[in-house]
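Results of the structural survey
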Amino acid sequence: MKQDHGKKMVAPIVITILIVLYYAVYFTILIRLVGGAIGALLGIIPVLLGGVMIYVCIQRIKEIQEGEEDDLSQY
């Protein structure tokens, strides 16, 4: 059964990595185009969104490990 949990964790982890990489590239481009303090200020948004994505992924992994794979069916 634990192997089944591993398969269910692949998708959230891959999606999180892709989105965080997207935000990192977006932040880098934003800093280079706008530059300075304004670029860094605008770059806070993708950094925060990346952090939230990582937090949500960790929560989802915990749900899968606890056996709540299909939490949407509860609603």
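Just above, that's the structure.
Below: a short report on this structure.

Counting its secondary structure elements, the protein contains 2 helices and 0 strands. When the 75 residues of the protein are sorted by exposure, 17% land in the buried category. Put simply, 61% of the contacts in the protein that link residues at least 6 apart link residues at least 24 apart. As displayed, the protein offers around 5800 Å² of accessible surface, 70% of which is attributable to carbon and sulfur atoms.

Moving on, we get to the packing of aromatic side chains. In the structure shown here, the tally under the stated rule is 2 aromatic pairs. Ring plane angle 55 degrees and centroid distance 5.8 Å describe the contact between Tyr22 and Tyr23, whose orientation is recorded as tilted. Take Tyr22: its relative accessible area is 53%, and that puts it in the exposed class. A relative accessible area of 19% means that Tyr23 is categorised as buried. With 6.4 Å between their ring centres and 25 degrees between their planes, Tyr22 and Tyr26 make a pair best called stacked.

Looking now at a nonpolar patch on the surface. Taken together, the side chains of Val25, Ile29, Leu33, Val34, Ile38 and Leu42 define a hydrophobic patch exposed on the protein surface, amounting to about 580 Å² of accessible area. Those elements that place two or more of their residues in the nonpolar patch are helix H1 (2-34) and helix H2 (36-65). Here the nonpolar patch gets 4 residues from one element, more than from any other, and that element is H1. As for its placement among the helices and strands, Val34 is situated in helix H1.

Under the defined criterion, the tally for this structure stands at 1 salt bridge. For Arg60, the salt bridge is made with Glu63, and the minimal N-O distance between the two is 3.0 Å. Within this pair, Arg60 and its partner Glu63 are both found in helix H2, separated by 3 residues, close to a single helical turn. Note on Arg60: relative accessible area 22%, which makes it partly exposed.

Criteria and thresholds
- Residues numbered from 1 in each chain as written.
- Predicted model: local features only at pLDDT ≥ 70, side-chain atom pairs only at ≥ 80, totals over all residues.
- Heavy atoms only, no water.
- Helix = DSSP H or I, 4+ residues; strand = E, 2+ residues; numbered from the N terminus.
- Buried < 20%, exposed > 50% of the residue type's maximum accessible area, 1.4 Å probe, protein only.
- Contact = heavy atoms within 4.5 Å.
- Areas by Shrake-Rupley, 256 points an atom, 1.4 Å probe, with all protein chains shown as cover.
- Phe/Tyr/Trp six-rings, centres within 6.5 Å; stacked < 30°, edge-to-face > 60°.
- Patch = residues over 30% accessible without salt bridge, like charges linked within 9 Å, V, L, I, M, F, W, Y side chains within 5 Å.
- Salt bridge = Lys/Arg side-chain N within 4 Å of Asp/Glu carboxyl O.

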